[in-house]
Amino acid sequence: MKDARPCSIAETLALVGEKYSLLVMREVMLGATRFDQLARNIGAPRDVLTARLKRLVDIGVLEKAEYSDRPKRYEYRPTRAGLELQPVLLTLMAWGDRHLQEDGFRPMVMEHTCGHELVPRVVCWECGHEIEHGDLTAHPQSPGWTVTGPSGA
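Residues numbered from 1 in each chain as written. Predicted model: local features only at pLDDT ≥ 70, side-chain atom pairs only at ≥ 80, totals over all residues. Heavy atoms only, no water.

J.: Would you take a moment to explain the overall build of the protein for this structure?
T.: Check the secondary structure of the protein and you find 6 helices and 4 strands. For the protein, the α and β elements follow one another from N to C terminus as α-α-α-α-β-β-α-α-β-β. Dimensions of the protein along its principal axes, counting C-alpha atoms only, are 60 × 45 × 30 Å. Taking all contacts inside the protein whose residues are at least 6 apart in sequence as the whole, residues at least 24 apart take part in 41%. For the protein, the exposed surface amounts to about 11,400 Å²; the carbon and sulfur share of it is 55%. Positive and negative side-chain charges of the protein, numbering 19 and 21 respectively, have mean locations separated by a distance of 8 Å. (Helix = DSSP H or I, 4+ residues; strand = E, 2+ residues; numbered from the N terminus. Contact = heavy atoms within 4.5 Å. Areas by Shrake-Rupley, 256 points an atom, 1.4 Å probe, with all protein chains shown as cover. Lys, Arg positive; Asp, Glu negative; His and termini not counted. Charge placed at Lys NZ, Arg CZ, Asp CG, Glu CD.)

J.: What's the story with the packing of helix α2 (residues 21–30) against helix α4 (residues 46–58) in this structure? I'm lost.
T.: Between two packed helices, what matters for the description is the angle formed by their axes and the separation of those axes. The N-to-C vectors of α2 and α4 enclose an angle of 75°; their axes lie 10 Å apart at closest approach. With respect to their mutual orientation, α2 and α4 come out roughly perpendicular. Residue-level inspection shows Ser21, Val24 and Met25 of α2 in contact with α4, the latter providing Leu49, Arg52, Leu53 and Leu56. Considering only residue class, the contact of α2 with α4 consists of 5 nonpolar, 1 polar and 1 charged. (Axes fitted to C-alpha atoms, helices over the stretch in contact; angles between N-to-C directions. Parallel < 35°, antiparallel > 145°, perpendicular 65-115°, else oblique. Nonpolar A, V, L, I, M, F, W, Y, C, P; charged D, E, K, R; others polar.)

Keep in mind that these numbers describe shape and distance, not what the molecule does.
Printed below as a string of structure tokens:
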């Protein structure tokens with residue numbers, strides 16, 4: 001059997017798709033940057049949270065910064081790569097608000113600096129039009145792969 005399709009989504013999920021990893025990123029983006037804050041807000045077991053934080057630092061989406069020397073304490077800040085995950089988090093949140101919440105309830109509302117509620121949309125960088133499923137054409141770049149799977153399969 002051939003390997004699975006080469007895919008940036010799969011590679012990204014291998015890095016940040018572990019349980020609690022995106023929740024760590026959510027909290028850091030909201031300003032909860034210290035271990036105790038993260039543990040309280042996420043509800044992850046402390047050993048698991050420690051492992052996730054180490055992994056997120058190792059892959060370069062968070063950086064660890066000392067904020068106390070005695071005792072040594074650290075906080076976590078997003079790197080440039082970590083900040084680039086924010087639109088992904090906002091889009092996931094919007095999807096969950098639309099499809100998983102009842103009666104229009106939303107646990108969190110984000111306000112843009114313009115003063116309006118943020119409604120994230122994916123748009124084409126060049127033309128600015130919002131993306132619809134039928135607007136896209138895939139062009140596989142991995143040798144031996146077509147849109148529907150391996151060539152000759």
